[in-house]
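# Secondary and tertiary structure notes
The lines below spell out each chain.
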Amino acid sequence: MTSKPRIHILALGGTIATRPDSSGAMQMGLGADDLVAAVPLLKEVAEIAAETVSRVGSHSLSFDQIHALAAKIRSLQVDGVVVTQGTDTLEETSFLLDLLLDLEIPVIVTAAMRNPALTSPDGPGNLLAAVRVAADPWVRRNAAALGVIAVMLDEAYAASDVLKVHPTRLNAFASTQTGPLAVLVEDRVVPLALPVREAVVAARRKLAGASGKAQPVALFWMSLDDEAALMAMMLAASDRLGYRGAVIAAMGGGHVPERAVENVVRLAQAMPTVVSPRAGGGPMLRKTYGGPNAEIALREAGLIWGGRLHPLKARVLLETCLRAGLDRATIVELFDAFG
Ligand code: ASP
């Protein structure tokens, strides 16, 4: 009999790990052992080890905590890793892990939308699916090519593409640009696609050892009739409120309101400022529209074009670039590879 793969579960917290307090409100509480105990089938799929890393909602996780998690994952001698956490920042944390880990084994991130006190909680099913994906021979063979994977509701997504697209529904996750890498049915993982990861891999090489201290990155969402006065206030504030970089979630193919241009350009002169599509990802224009508020002029003015990355993921990449001490030219090159 072939031995089962050794899968290490690291529990961070989140809805999947909540339990009701005396008022009925859900509070963080369950640890990794509790999550594993709720799914007896796990033992048939893999040799399971479980470790509680923290009991926090993912809305309160930090970049530093995910760097520490990546270091822990690197130190494990196992065949695969499953991280359980909250859904709120899964699209960011999984991408950060993808940028930090040079993988030879599957690393899967999963979570739950429905808490354990509800009638049909998805945590146990998602954990089982995540372990199935981590233990799957195709996934293990292609671990480096797949990168970090998010598993939710019987679908597996590339960390660079996965988005949380609904605040409460069970089917809250999607890869809107590429679709899932695999689906689960019965006890099988059915492969669908390998992701295109050249840009992630190129970034990871330059980011190796991104061990410096946190480099706060501000996120500005462009909206109708906004002159971006908050940017001006930030630039005028002492030490720019501590921000070292910025991401602008721009309209359409990379546009801002004309009345915001002055502040946007000042921001780009003051710190690395990445433009990313507020439409939620997808390559932006580079050479179509004229005018001071559009791609040609903004690129000439020093705005860094974020490619197809969603603004949240662009922010994760910029923070990591700054933490690694990369120069501006290298940052431009890394983002440029995203299309
Ligand atoms: N606020 C929770 C968290 O991200 C939500 C969840 O887990 O779904 O930790």
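Look a little higher up for the structure.
Being a predicted model, the structure only gives us computed values, none of them experimental.

About the thresholds
- Residues numbered from 1 in each chain as written.
- Predicted model: local features only at pLDDT ≥ 70, side-chain atom pairs only at ≥ 80, totals over all residues.
- Heavy atoms only, no water.
- Core = buried A, V, L, I, M, F, W, Y, C linked by side-chain atoms within 4.5 Å.
- Buried < 20%, exposed > 50% of the residue type's maximum accessible area, 1.4 Å probe, protein only.
- Helix = DSSP H or I, 4+ residues; strand = E, 2+ residues; numbered from the N terminus.
- Contact = heavy atoms within 4.5 Å.
- Polar contact = N/O pair within 3.5 Å; in protein donor to acceptor, adjacent residues only side chain to side chain.
- Axes fitted to C-alpha atoms, helices over the stretch in contact; angles between N-to-C directions.
- Parallel < 35°, antiparallel > 145°, perpendicular 65-115°, else oblique.
- Left-handed = near helix turned anticlockwise from the far one by under 90°.
- Near = heavy atom within 4 Å.
- Areas by Shrake-Rupley, 256 points an atom, 1.4 Å probe, with all protein chains shown as cover.
- Pairing = 2+ DSSP bridges.
- Right-handed = clockwise from strand over helix to strand, strands pointing away.

### Quick notes on the nonpolar core
- One finds I73, L97, L317 and F335 to be the most contacted residues of the largest nonpolar core, which totals 53 residues.
- Counting only elements with at least two residues in this core, the list comes to α3 (63-75), β5 (80-84), α4 (90-100), β6 (107-110), β7 (149-152), α8 (198-207), α12 (311-323) and α13 (328-336).
- L30, A130, V151 and A182 belong to the second largest nonpolar core, which has 35 residues in total.

### Concerning the environment of E47
- Residue position: E47 is located in strand β4 (residues 47-52).
- In this structure, the C-alpha to C-alpha distance between E47 and P5, residues 42 residues apart in sequence, is 6.0 Å.
- The residues touching E47, leaving out its near neighbours within four places in the chain, are K4, P5, R6 and I7.

### Some details on the environment of T52
- Mapped onto the fold, T52 is located in strand β4.
- T52 sits in the partly exposed class, given a relative accessible area of 34%.
- Through-space distance from the C-alpha of T52 to that of I66 is 14 Å; in sequence the pair is 14 residues apart.
- Once residues lying within four places of it in the same chain are set aside, the contact partners of T52 are A11, G31 and A32.
- Polar contacts involving the side chain of T52 include one to the main-chain amide nitrogen of A32, which spans 2.8 Å.

### What to know about the packing of α4 against α12
- Packing of α4 against α12 leaves a shortest axis separation of 9 Å and a crossing angle of 40°. Comparing their axes, α12 and α4 come out oblique. Between α4 and α12 the crossing geometry is right-handed. Of the residues in α12, those in contact with E91, E92, F95, L96, L99 and L100 of α4 are L312, K313, R315, V316, L317 and T320.

### Things to note about the site of the ligand
- The full set of residues close to the ligand is G14, T15, G57, S58, H59, G86, T87, D88 and A112.
- Within the side chain of D88, one N or O atom sits 2.7 Å away from a nitrogen atom of the ligand.
- A112 places a polar main-chain atom, nitrogen or oxygen, 3.2 Å from an oxygen atom of the ligand.
- If the ligand stood free it would expose 270 Å²; the protein chains cover 88% of that surface.

### Overview of helix α10 (residues 261-270)
- Within α10 the residues assigned to the buried category are V261, N263, V264, V265, L267 and A268.
- Those residues of α10 that are buried lie in contact with β13 (217-221), α9 (229-236), β14 (245-250), β15 (273-277) and α11 (295-300).

### What about the sheet that holds strand β12 (residues 188-191)?
- If you trace the eight strands from one edge of the open sheet to the other, you get β4-β1-β5-β6-β7-β8-β11-β12, paired in mixed fashion. On the outer flanks of this sheet lie β4 and β12, each paired with one strand and no other. Ignoring which end each strand starts from, the neighbouring axes of this sheet average 25° apart.
- Sheet topology note: the strand β11 (residues 182-185)/β12 ladder contains four bridges and is antiparallel. For V185, the partnering residue across the bridge sits in β12 and is R188.

### Some details on the pairing of β14
- For β14, the buried fraction is high: six of the six residues fall into the buried class.
- Taking every second residue as pointing to the same face, both faces of β14 are buried, with G245, V247 and A249 on one and A246, I248 and A250 on the other.
- As a crossover connection, the stretch from β13 through α9 into β14 is right-handed.
- Inspection of the sheet shows β14 paired to β15 by five bridges, in the parallel sense. What sits directly across from I248, in β15, is V275.
- Of the crossover connections in this fold, the one passing from β14 over α10 to the parallel β15 is right-handed.

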